[in-house]
Amino acid sequence: MIDTHPTSFNGITPTPAWAFHQYEQIRRWLPAGLPTSEQPRPVTLEDMAPLADRFQVYVFDAFGVLNAGPRAFCLASTILSGSRQL
């Protein structure tokens, strides 16, 4: 069976340049970002407890959020383990 899905890498080796080109192809359909002065400031949490009552489900994007290649980011596994107890 041949994968014909639009996201198939059929014969393509993705590179950063290739990925950026793909992004640029769809840029016109993406929402405009907020001006820098209006962007919310990120908040760093030591654990997930402050969020426990606000959400029923958490989704973690592992690629670049919890790890960089084979190495987990500092505290990622600790925070994930702690979230199981919430």
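Thresholds, definitions, all that
- Residues numbered from 1 in each chain as written.
- Predicted model: local features only at pLDDT ≥ 70, side-chain atom pairs only at ≥ 80, totals over all residues.
- Heavy atoms only, no water.
- Helix = DSSP H or I, 4+ residues; strand = E, 2+ residues; numbered from the N terminus.
- Buried < 20%, exposed > 50% of the residue type's maximum accessible area, 1.4 Å probe, protein only.
- Areas by Shrake-Rupley, 256 points an atom, 1.4 Å probe, with all protein chains shown as cover.
- Salt bridge = Lys/Arg side-chain N within 4 Å of Asp/Glu carboxyl O.
- 1 Å grid on protein atoms, 1.4 Å probe; cavity = no way out; pocket = protein on both sides within 12 Å on 5 of 7 lines; lining within 4 Å.
- Points joined across faces, edges and corners; volume = space filled by probe spheres on them.
- Nonpolar A, V, L, I, M, F, W, Y, C, P; charged D, E, K, R; others polar.
- Phe/Tyr/Trp six-rings, centres within 6.5 Å; stacked < 30°, edge-to-face > 60°.
- Lys NZ or Arg CZ within 6 Å of the ring centre and 35° of its normal.
- pLDDT = per-residue confidence, 0-100.

Turning next to the overall build of the chain. The helix and strand tally for the chain stands at two helices and two strands. Along the chain, helices and strands appear, N-terminal first, in the series α-β-β-α. A burial count over the chain gives 7% of its 86 residues as buried. Counting every atom, the chain has about 8,200 Å² of accessible surface; 59% of that belongs to carbon and sulfur.

For the structure on display, the rule yields one salt bridge. The partner of Glu24 in a salt bridge is Arg27, and the shortest N-O contact between them spans 2.7 Å. Under the relative-accessibility criterion, Glu24 is labelled partly exposed at 31%.

Attention shifts here to the layout of surface pockets. Computed from the structure, the largest pocket encloses a volume of approximately 260 Å³. As for the largest pocket, its lining consists of 15 residues, and the residues nearest its centre are Met48, Phe60, Val65, Leu66 and Ile79. Each residue belonging to the lining of the largest pocket can be placed in one class, and the counts come to 13 nonpolar, no polar and two charged.

Under the definition given, this model contains two aromatic pairs. Consider the rings of Phe20 and Tyr23, whose centres lie 6.3 Å apart with planes at 35°: the pair is tilted. Here Phe20 pairs with Tyr23, and both are found in helix 1 (residues 16–26), just three residues apart, close to one helical turn. Over the face of the ring belonging to Trp29 we find Arg28, whose NZ or CZ atom lies 4.2 Å from the ring centre.

Summarising the model, the chain shows a mean pLDDT of 81, and 86% of its residues fall at 70 or more. Between the elements of the chain, mean pLDDT differs from a low of 78, seen in strand 1 (residues 67–68), to a high of 89, seen in helix 1.

Take the environment of Leu75 next. Take Leu75: it is sitting in the loop between strand 2 (71–72) and helix 2 (76–83). Given the relative accessible area of 43%, Leu75 is considered partly exposed. Counting along the chain gives 28 residues from Leu75 to Asp47, while the straight-line C-alpha distance between them is 9.3 Å.

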